[in-house]
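Reading the structure
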Amino acid sequence: MKEYSQEELASQPVGYWSGEAYRRVVGRIRAELAVEDLTQPHWWTLNHVAGAPGTWSRAKLTERLVSFDDLGIDFDGVFDDLVARGWMKEDAGILTLTETGEAGRLRARDRNARAHEQMHEGIETAEYVAALNVLRRMIANLGGNSDLP
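So, a few notes on the structure that sits alongside this text. Keep in mind that this is a model prediction, so the values were computed, not measured.

**Here's the deal with the packing of helix α3 (residues 40–51) against helix α5 (residues 75–84)**
Direction vectors running N to C along α3 and α5 enclose 70 degrees, while the axes themselves pass 10 Å from each other. Compared by their axis directions, α3 and α5 come out roughly perpendicular. Every pair of crossing elements has a handedness; the one defined by α3 and α5 is right-handed. Packed against α3, whose contacting residues are Pro41, His42, Trp44, Thr45 and Leu46, the element α5 presents Phe75, Val78, Phe79, Asp81 and Leu82 at the interface.

Okay, structure coming up:
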């Protein structure tokens, strides 16, 4: 990676760099999920249902996930797809993962972990935290929610 002076870097537009980072990071994650025929909304769904078993209805989960969505996702379609492929079931209005769904979630998690390792190569934990805190401050300064998801 080429080195630049502080002055050169300080004059750079954060919108460009944050956008390029977003495209690269999300592109890599989406490529890893696609191996399992999953999208990010599938991934969000699987993780939420696995993280709080027996608590998510379609409406409650949609309400939670819509804050991550910038593509106009049909979450009922995502839920239906996971049910149809046998990864999730719905009993008494509550979504739960099946053994097949949990196995798929774990495979996708492992793929994403490898992508995250590559993204973090050469970046110390303190640098990563500092970068996130700078972005969080910019978000808060512009009236956004800088809390952790």
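**As for the nonpolar core**
With 19 residues, the main nonpolar core has Leu38, Val49, Leu61, Phe79, Leu82 and Met88 as its most contacted residues. Only α2 (14–34), α3, α4 (58–65), α5 and β2 (94–97) provide two or more residues apiece to this core.

**Side note on the pattern of salt bridges**
Pairs can form between side chains of opposite charge whenever their charged atoms are close. This model, assessed by the stated rule, comprises 13 salt bridges. The partner of Arg111 in a salt bridge is Glu32, and the shortest N-O contact between them spans 3.7 Å. Taken as a pair, Arg111 in helix α6 (residues 99–119) and Glu32 in helix α2 lie far apart in primary sequence, 79 residues in all. The exposure class assigned to Arg111 is partly exposed, which follows from its relative accessible area of 23%. Take Glu32: its relative accessible area is 14%, and that puts it in the buried class. Put simply, Arg85 and Asp37 hold a salt bridge, and the shortest N to O gap is 3.9 Å. In this pair, Arg85 is assigned in the loop between α5 and β1 (88–91) and Asp37 in the loop between α2 and α3, connecting sequence segments 48 residues apart. Judged by its relative accessible area of 24%, Arg85 is partly exposed. What emerges from the salt-bridge pattern is a single network uniting Arg58, Asp76, Asp80 and Glu90.

Parameters and conventions
- Residues numbered from 1 in each chain as written.
- Predicted model: local features only at pLDDT ≥ 70, side-chain atom pairs only at ≥ 80, totals over all residues.
- Heavy atoms only, no water.
- Axes fitted to C-alpha atoms, helices over the stretch in contact; angles between N-to-C directions.
- Helix = DSSP H or I, 4+ residues; strand = E, 2+ residues; numbered from the N terminus.
- Parallel < 35°, antiparallel > 145°, perpendicular 65-115°, else oblique.
- Left-handed = near helix turned anticlockwise from the far one by under 90°.
- Contact = heavy atoms within 4.5 Å.
- Core = buried A, V, L, I, M, F, W, Y, C linked by side-chain atoms within 4.5 Å.
- Buried < 20%, exposed > 50% of the residue type's maximum accessible area, 1.4 Å probe, protein only.
- Salt bridge = Lys/Arg side-chain N within 4 Å of Asp/Glu carboxyl O.

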